[in-house]
Every structure is written in C-alpha cells, then in structure tokens.
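Tertiary structure, described
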Amino acid sequence: MIRVIIALACLLSSAGAWAAQEKQPADPSPTIPSFDYQAAYAHEIKPHRRTIPLAGVSSGGDQLRITLTVSPAGDVLDAKAEGEERDLKLWPDLRPEVLRWKFIPFQVDGRPVTASAEEYVDLVPPERFPSVHVPAPAIRPDSKIDIALSRSMCYGRCPVYKVLVSTKGIVFDGEAYVAAEGRHTGTVDPSAVRALARKFVAADFYSMRSEYRASVTDNSTYTLSISIDGHKKQVVDYVGSWEGMPQAISELEDDVDALAHTNRWIKGPQQ
C-alpha cells in the first residue's frame, strides 16, 4: 500500500512538472535585423546575377522572392524562395548559385551582424549565343575607341541619360531623374578604355543581334555601341534577357557605367 501511495505521488509530481513545462512559453528564437531589397542591392558584391538564364523557362517575366540569411562576413548561410508553384519547381537548380552570392557585411550600430535580406531572382530563357561569328576590328595601342550607352524613359523614375566613354574622355548627358541634368565631362585613362573595348571583343559583341526586344511595355530601352577605329556595332536591349540576350551584354552595360563613374551624376557626389 505504501508503495502504491509513493508511486502515485511520484506520478502526480511528474504530471505536475510536465504540466508546468507545458505552460511555460518556448524560448523565443533570437531575432535578426531585416534589410529590404534596396538595402540588399546596395550591399551586393559582383558577380551577382539576379537575372538567371535557366533551361525550362520559355519566356521572361517570372520571378522568385528570396529571403536570405547573411553572415557577419557577408556569406549567404541560408536561402528560402517564395513564388508561383511552377517557378518554385526550378528553385533547386537556382539555389546553389544564390548560396554563392556575397555581400558587403550588413551593420547595426557600426558592427557587422547576421542579417535577413530580401532579394529577387528573375527567371529567363537560356542565353542565345550568336550562330555566325563576325570578326571584330583589331585593337592597337593607339586605336581610337568610342563606347556609348543610353538608358531611356520608363513608366516610373528610371534615370534617363547618355554617356560616351572614349579615348578622349567622358561625356555624360543627364536628361531626367538624375542628380545632375545637362552635359558633364570627365577624364579617363585611354588604356582603360581600350581594355574595356577588349572585353567587348572577348564577348563577341560584333556578332550579336542588333536588337533584343521583349513583348512588354513601360520598360527602359538600353542602347549600347562601340566604335573601334570607325568600325561601329550597336545593340538595342529592351528587356533583352527575356529573349535570350546573352548576359555579357548586360555586364558590358554595367562596365560602361563603372568606368565612367556615372553614379556621381545619377545619384550625386555622395556616391
């Protein structure tokens, strides 16, 4: 009888302890600071492809929203995707590249922190490379190079400008939604311009189609051209990635902006 009473007491004691544990709230997960897409964009380190060509995509326009966990060193620790079910089926093929992205460390009170960051991936068809090769002009040590990029109006506040980078210098013409409208000039090392021209040649730019145009509206048109000793090639990019435009063209557009430091006129001197 005593053993029964002791056993019952132990049972009741264990049940009470279990009930007490059930009533206690679970330890809250530590929260980490979140950064929106604009902040994430400003922290990206190249190469960083948000537009990713992928087999199985027949047309552009599909997108996945990505939530990243980024370490204090700027490495992607985890990535989760949201989107249409048909697009999420492609996520396993995209995730390895996303996990290789690098960021300038996110900071809170001046200290690098583990952070949650919002990103997006645009799904586009595989790149369609030129089927016919057009030889590019040779680039000599004294070659005269003109590289031009223009970005047109869109349905929104897209920066509208033209920039010419040549072996003679830089000319920027800001038209709308830029910090510095009008004509502005800058200097550039001619050897750096010729080095960029060699990237055009390496990308087989002279063999590209003259236009890559998607069947959408309200977007900005980018026009990129190069002239090597008078031999000119121009490519019009209107959401070209949706039509299989090689990624190299978008990269060359960004390279022109980078060499010309156009952000000083687009966003202002703080850039």
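Along each chain, the written sequence defines residue order, and numbers are assigned to residues from 1. With pLDDT at 70 or above as the cut-off, local features in this predicted model cover only qualifying residues; side-chain atom pairs require 80 or more to be listed or tallied, and sums for whole chains, interfaces and linings still use all residues. In computing side-chain values, all of the structure's heavy atoms are included and hydrogens and water are not.

1. Examining the pairing of strand 15 (residues 222–228)
The line we're drawing: For every residue, the accessible area (1.4 Å probe, protein chains only) is compared with the maximum for its type, and the residue is labelled buried under 20%, exposed over 50%, or partly exposed between those bounds. Secondary structure elements follow DSSP: runs of H or I no shorter than four residues count as helices, runs of E no shorter than two count as strands, and numbering proceeds from the N terminus. In this analysis, strands are considered paired if DSSP registers two or more bridges between them.
With six of its seven residues buried, strand 15 lies for the most part within the structure. Sheet analysis places strand 10 (residues 145–151) next to strand 15, joined by seven bridges and oriented antiparallel. Its bridge partner being in strand 15, I145 is matched across the sheet by I228. The hairpin turn running from strand 15 into strand 16 (residues 231–238), its antiparallel successor, is two residues long, and D229 in that turn takes a positive phi close to 50 degrees.

2. Details of the state of the cysteines
Condition: When two cysteine sulfur atoms are found within 2.5 Å, that pair is recorded as a disulfide.
As enumerated under the stated definition, the model contains one disulfide in all. The side chain of C154 participates in a disulfide bridge whose partner is C158; the two sulfur atoms lie 1.9 Å from each other. Residues C154 and C158 share a disulfide whose torsion about the S-S bond is about 95 degrees; that sign makes it right-handed. With a relative accessible area of 14%, C154 lands in the buried category. Looking at C158, the relative accessible area reads 24%, which means it is partly exposed.

3. Notes on the sheet that holds strand 11 (residues 160–166)
Put simply, the rule is: Axis definition: a line fitted to C-alpha atoms, over the contacting stretch in the case of helices. Angles run 0 to 180 degrees between N-to-C directions. In what follows, a contact means two residues having at least one pair of non-hydrogen atoms within 4.5 Å.
Reading across from one edge, 13-12-11-10-15-16-14 is the order of the seven strands in this open sheet, with mixed pairing throughout. Of all strands in the sheet, those bounded by a partner on one side alone are strand 13 (182–186) and strand 14 (211–213). Strand-to-strand twist of the sheet, defined as the mean angle between neighbouring strand axes without regard to direction, takes the value 10 degrees. Pairing between strand 14 and strand 16: three bridges, direction parallel. By the bridge assignment for strand 16, E211 is matched with V236. Where helix 5 (residues 190–202) meets the sheet, it contacts strand 10, strand 11 and strand 15, and its direction lies at approximately 70 degrees from that of strand 10. Along the sheet face, helix 6 (residues 247–260) touches strand 10, strand 11, strand 12 (169–176), strand 14, strand 15 and strand 16 and points at about 105 degrees away from the line of strand 10.

4. Description of the confidence of the model for the protein
Keep this limit in mind: In predicted models, pLDDT denotes the confidence assigned by the predictor to each residue on a 0 to 100 scale.
On average, the protein scores 88 in pLDDT, and the residues at 70 or more come to 88%. Here residues 1–29 is modelled with pLDDT under 50, and outside its nearest four sequence neighbours on either side it reaches zero contacts, counting other chains as well.

5. As for the packing of aromatic side chains
The line we're drawing: In this analysis, rings of Phe, Tyr and Trp, with Trp reduced to its six-membered ring, are considered paired at centre separations within 6.5 Å, and the interplanar angle assigns stacked below 30 degrees, edge-to-face beyond 60, and tilted for intermediate values.
Per the counting criterion, the structure on display carries seven aromatic pairs. With 4.7 Å between their ring centres and 35 degrees between their planes, F35 and F106 make a pair best called tilted. With F35 in strand 1 (residues 34–35) and F106 in the loop between strand 6 (102–103) and strand 7 (107–108), the pair connects residues that are 71 residues apart, well separated along the chain. The pair F35 / F106 is uniform in exposure class, with both members buried. Taking 5.6 Å as the distance between ring centres and 75 degrees as the angle between the ring planes, the aromatic pair formed by Y37 and Y120 counts as edge-to-face.

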